[in-house]
Amino acid sequence: MRAALNRWSGEGIARRLWHLVLLWLAGADLRVTVLALPPVLPLIHRQFALSEKAVGALSGLPVLLFGLMAIPGSLLVARIGARRTCIAGLAVVAAASAARGAGPSVAMLFAMTFLMAAAIAVLQPSLPALVARWFPMSSGLATAIYANGLLIGEAAPAALTIPLVLAAFDDSWRASLALWSAPVALTALLMTLSTPSVRRSPTAPAMRWWPDWRRALTWQLGLMQGGTGGLYFASNALIPDYLHAMGRPELVGPCLSALNLGQLPASAVMLVWARRLTAGKAALVAMPALAIPAIALLADARPWAAVLGAGTIGFSCALTLILTLALPPLLAPADDVHRLSAGMFAIGYTLSAVTPLVGGAIWDATGVPAAAFLATAAAAAVVLVTALTFRR
């Protein structure tokens, strides 16, 4: 980070620091409204008498849409620019998230959840494109900053909704969802007022938006991101039921906390050594290699082993995610980052959504709870094999 600040001296350091603040806020906005839902799901479940399938759909719909709607995000970046796409995406996320609790029926809840998730998916390719334009010489650091915001955006609503927000609003899930939408609206406003609109030259060639599916790099980044996401989401999904099945329900809270809090040290590591870690593929190979034995520790279900395994998986997933997010601005021209990122997200989030389903299906088919972790091990193996073939 110090090296980056030295390079910025005399080049508008205040402006660059403000851009980092905006990227951090936008990164947090990618997750804060999504993770504001789980703490209030019991209240929604009770009010609308939802089935378990409906609850699962409400929770899983965003992840699936993150993959399906990434390519329209690339199209918007190509047509109106990364900044405008980001602002528009933030505005729709804020409005749709707050509107989830505005209607009297469950139809409004599902419709606005769909719109919110689609807007987040459209927003995602704009952030690597902004990194490439605002920080062409420090893209690793800038990516680490917005990824840190993303991780905080995951942790904050999960940690604060029940003890603070619901307590302040008399257990109103509608007010809670509206409150967590406010930071997203604020980010959209700040970005609108404090960053200039840059128009492309009329004579400039049209920007491409459709991902190059024939390019190996698109698939390599997508598989690494998807394997990482699959490992993370499947671990979150499997841990509660698995530990209950093993007669260790008291470990659910510690293991979930370790899994998610274990991501924060990875973000700190990336902030300090961003340039070094993005210079080669050693970290991309080391992280899944570390995660595979950690899965065995988690499945062991002894207290020390399960918590250590969960924390190690969280660390591995977070560092690999940040590295894959940092690579499109490093490996593609500035006008091409959005479509490489969109292809990566389309492949990655589709794989992320499928992995927990595969784990559950293996459990159902075999009747062996630990067999479900074969899906997480396979996801980590996908990252490891792809990283070994990756050429920088």
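All of the points below concern the structure found in this document. Within each chain, residue numbers correspond to sequence positions counted from 1 in written order. This being a predicted model, a pLDDT of at least 70 is required before a residue's local features are given, and a value of 80 or more before pairs of side-chain atoms are given or counted; all residues contribute to the totals for chains, interfaces and linings. Only hydrogens and water are set aside; all other atoms, that is, all heavy atoms of the structure, feed into the side-chain values.

Remarks on the nonpolar core
We count it as follows: Here, nonpolar core refers to any group of buried Ala, Val, Leu, Ile, Met, Phe, Trp, Tyr and Cys residues whose side-chain atoms link them within 4.5 Å. A simple rule labels every residue: compare its accessible area, found with a 1.4 Å probe on the protein chains alone, to the largest value its type can have, and call it buried under 20%, exposed over 50%, or partly exposed in between. Strands here are runs of E lasting at least two residues and helices are runs of H or I lasting at least four, both read from the DSSP assignment and numbered beginning at the N terminus. Contact criterion: two residues are considered in contact whenever any of their non-hydrogen atoms come within 4.5 Å of each other.
By size, the foremost hydrophobic cluster in this structure holds 93 residues, and its most contacted members are Leu23, Ile44, Leu127, Trp173, Leu221 and Met270. If you tally residues by element for this core, the top one is helix α9 (residues 139-168), at 10 residues. Setting aside its immediate chain neighbours within four residues, isoleucine 44 contacts Leu37, Ala49, Leu50, Leu109 and Trp173. In this structure, Tyr232, Ile239, Ala291 and Ala379 belong to the second largest nonpolar core, which totals 26 residues.

Section: empty space enclosed by the protein
Where we set the bar: Residues are called lining when one of their atoms sits within 4 Å of a cavity or pocket point, these points coming from a 1 Å grid over the protein atoms alone, where a cavity is a set in which a 1.4 Å probe fits but cannot get out and a pocket is an open set with protein on both sides within 12 Å along at least five of seven lines. Grid points are joined across faces, edges and corners, and a volume is the space filled by probe spheres set on the points. Throughout this entry, Asp, Glu, Lys and Arg are counted as charged residues, while Ala, Val, Leu, Ile, Met, Phe, Trp, Tyr, Cys and Pro are counted as nonpolar. The remaining residues, Gly among them, count as polar.
Tallying each qualifying case throughout the model produces 3 cavities of 30 Å³ or more. Considering only enclosed or pocket space, the largest cavity measures out at about 140 Å³ in volume. If you trace the largest cavity, you find 14 residues lining it, with Arg31, Gly229, Tyr232, Phe233 and Leu321 closest to the centre. Contributions of two or more residues to the lining of the largest cavity are made by α9, α11 (216-245), α15 (303-331) and α16 (337-366). Considering every element that reaches the lining of the largest cavity, the biggest residue donor is α11, with 5 residues. Of the residues belonging to the lining of the largest cavity, the class tally is 7 nonpolar, 5 polar and 2 charged. Taken as a whole, the second largest cavity encloses approximately 50 Å³ of empty space. What lines the second largest cavity is simply Leu30, Gln124, Tyr146, Leu150, Gln225, Leu321, Leu325, Phe345 and Tyr349. Taken together, the elements giving at least two residues each to the lining of the second largest cavity come down to α9, α15 and α16. Its residues assigned to classes, the lining of the second largest cavity comprises 7 nonpolar, 2 polar and no charged.

Comments concerning the packing of α11 against α15
The cut-off we apply is this: Structural elements are reduced to axes, namely lines fitted to C-alpha atoms, with helices fitted over the stretch in contact, and the angle between N-to-C directions of any two is expressed from 0 to 180 degrees. Any angle that falls under 35 degrees is termed roughly parallel, while one over 145 is termed roughly antiparallel, one within 65 to 115 roughly perpendicular, and all others oblique. Crossings are classed by handedness, with left-handed meaning an anticlockwise turn of the near helix from the far one by less than a right angle and right-handed meaning a clockwise turn.
Where α11 contacts α15, the axes come no closer than 9 Å and their chain directions differ by 155 degrees. As far as their axial angle goes, α15 and α11 are roughly antiparallel. Between α11 and α15 the crossing geometry is left-handed. Taken together, the residues of α15 that come into contact with α11 (itself represented by Leu217, Leu221, Met224, Gln225, Thr228, Leu231, Tyr232 and Ser235) are Ile313, Cys317, Thr320, Leu321, Thr324, Leu327, Pro328 and Leu331.

Some points on the packing of helix α8 (residues 126-134) against α9
Running from N to C, α8 and α9 point in directions that differ by 140 degrees, and their axes come no closer than 9 Å. Where α8 crosses over α9, the handedness of that crossing is right-handed. Across the interface between the two elements, Leu127, Pro128 and Val131 of α8 pack against Ser139, Ala142, Thr143 and Tyr146 of α9. Across the contact of α8 with α9, the residue classes break down as 5 nonpolar, 2 polar and no charged.

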